[in-house]
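Commentary on secondary and tertiary structure
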Amino acid sequence: ILPGRRRRRWLSSPVRFSYMRMKYLFISWLVVFIGSWIIYVEYSTYTELCRGHDCKKIICDKYKTGVIDGSACSSLCAKETLYFGKCLSTKPNNQMYLGIWGNLQGVIKCQMEETIHLDLGTELEPRKEIVLFDKPTRGTTVQKFKEMVYGLFKQKLGEQGNLSELVNLILSVADGNKDGRVSLPEAKSAWALLQLNEFLLMVILQNKEHTPKLMGFCGDLYVMERVEYTSLYGISLPWILELFIPSSFRRSMDQWFTPSWPRKAKIAIGLLEFVEDIFHGPYGNFLMCDTSAKNLGYNDKYDLKMVDMRKIVPEINLKELLKDRHCESDLDCVYGTDCRTLCDQSKMKCTAEIIQPNLAKTCQLLKDYLLRGAPSEIHEELEKQLYSCIALKVSANQMEMEHSLILNNLKTLLWKKISHTNDS
């Protein structure tokens, strides 16, 4: 007969073993369940967001039947020297991929099913229209097509004395094979692309340093220059990680991964120059309606490059969109995340005047970015100028003069500090 203490220990061992086994089985099951759920969500999201095969099939079917043509069509559909790489899409109808074109790297953007653009007809909301490459129609002359493009620009950009020059520029871009004439398939591609604000802005600013270069197009698919660092902070995380990281911790983490201060200053100067490029340029004023770090990038020389310009829209176009929209509060008078007007409570309609200029929104974005790590001898002056910049209002008297003065002062202050460094 076993002594009492040893007997109790022997009887409790199977119980303890069973408990521990159940505990480990439960933890293992939980890990497998969570892992499977993450994989399923990742896969489901990927298949919804990343439809490059469908995009290529639609475009190439149209090309092979002679509906569309462009400088990238042969490489994409016949020679297959342009192919889709890593998926970068964040919305199902805006497909975006890293692309390889021969020995060049770029970013492929393709519209799927529905493309949202500003319409200046009778509707006051963004209109969803399926782009079927149905314009211009067969029998349209080059002169008639030029008139169509001129009319579109007049709606989007307003009365500009040099719109004819822009029309000729578009026709030179549309001539994908550079044979000196625009065919009907090329015209159909150009017309579809001109509905997209980013494409129009790339053409207008094609000689500007901070705008990605247009590499080619086919239908409403286009290839643009690849930007090495695709965030102002230089760090991009998978979307699944973004879900679990608190916003306050993410902001701190962003600051950890920023370049050195002189390099941040150079990037900031580039952003200020871009704001200058789109502020009352040769074809009117464009408004930045999503000034977030994810839309800005830079190259290995720390020159700013725009990554996503889809929410940069012509001012006249935007005013027509927001004007007289029904509203109950100022929150109803917003386009994108950053273009806001006021709600006229007496009429319950949005007004047409944009509250903040691009420069004020840009300075708000740059405030923490530039002040963190700024040299002590300019910190106070830099902070003062940034806050003066953030306070800019569109409705203020002499706004354009103040805009130019503040922008030049900021650029000068930053440039003086880094002009003697290797980062200049």
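Here's what I pulled together on the structure shown here.

Conventions we followed
- Residues numbered from 1 in each chain as written.
- Predicted model: local features only at pLDDT ≥ 70, side-chain atom pairs only at ≥ 80, totals over all residues.
- Heavy atoms only, no water.
- Disulfide = S-S within 2.5 Å.
- Helix = DSSP H or I, 4+ residues; strand = E, 2+ residues; numbered from the N terminus.
- Buried < 20%, exposed > 50% of the residue type's maximum accessible area, 1.4 Å probe, protein only.
- Core = buried A, V, L, I, M, F, W, Y, C linked by side-chain atoms within 4.5 Å.
- Pairing = 2+ DSSP bridges.
- Salt bridge = Lys/Arg side-chain N within 4 Å of Asp/Glu carboxyl O.
- Axes fitted to C-alpha atoms, helices over the stretch in contact; angles between N-to-C directions.
- Contact = heavy atoms within 4.5 Å.

Some details on the state of the cysteines
Note on terminology: disulfide describes a covalent bond linking the sulfur atoms of two cysteines. This structure, assessed with the given rule, holds eight disulfides. Bridging Cys363 to Cys389, the disulfide has an S-S length of 1.9 Å. Of note, the bridge from Cys363 to Cys389 carries an S-S torsion of about 80 degrees and is right-handed in sense. Taken together, the residues span a long stretch of sequence, with Cys363 in helix H12 (residues 358-371) and Cys389 in helix H13 (residues 376-390) at a distance of 26 residues. You'll find Cys363 and Cys389 in the same group, each marked buried.

Concerning the nonpolar core
Counting 76 residues, the largest nonpolar core has Phe153 and Leu382 as its most contacted members. No other element matches helix H10 (residues 261-278), which puts 10 residues into this core. One finds Cys50, Ala72, Tyr97 and Leu221 within the second-largest nonpolar core, a separate group that totals 23 residues.

Structural notes on unusual backbone geometry
Each neighbour pair has its own omega, and for Lys135 with Pro136 the value is -5 degrees, a cis peptide bond. Structurally, Pro136 can be placed in the loop between strand E5 (127-129) and helix H4 (142-157). Even without glycine at this site, His280 takes up a positive phi of about 50 degrees. As for its placement among the helices and strands, His280 is situated in the loop between H10 and strand E8 (286-288).

So, the pairing of strand E7 (residues 221-225)
Taken across its five residues, E7 has four buried, putting it largely inside the fold. Across four bridges, the pairing between strand E6 (residues 214-218) and E7 is antiparallel. Looking across to E7, one finds that Phe217 is bridged to Tyr222. The loop that links E6 with its antiparallel partner E7 comprises two residues; one of these, Gly219, has a positive phi angle of about 60 degrees.

Things to note about the pattern of salt bridges
Scanning the model with the defined rule gives 15 salt bridges in all. The salt bridge involving Lys109 is made with Glu198; its shortest N-O contact spans 3.0 Å. Within this pair, whereas Lys109 is found in strand E3 (residues 104-111), its partner Glu198 is found in helix H7 (residues 197-204), the two being separated by 89 residues in sequence. Taking the relative accessible area as the measure of exposure, Lys109 reaches 1% and is therefore buried. Residue classification places Glu198 among the buried residues on the basis of a relative accessible area of 1%. Across the pair Lys305 and Glu225 runs a salt bridge whose closest N-O atoms are separated by 3.9 Å. You can see Lys305 sitting in strand E10 (residues 304-306) and its partner Glu225 sitting in strand E7, a full 80 residues away along the chain.

Description of the sheet that holds strand E2 (residues 94-101)
Note on sheets: strands pair through backbone hydrogen bonds, and any given pair is parallel or antiparallel. The sheet built from five strands is open, its strands ordered E1-E2-E3-E7-E6 with antiparallel pairing. Pairing within the sheet leaves two strands with one partner each, and these edge strands are strand E1 (82-87) and E6. Each strand axis lies, on average, 30 degrees off the axis of its neighbour in the sheet, ignoring direction. The sheet strands contacting H7 are E3, E6 and E7, and the helix crosses E7 at an angle near 45 degrees.

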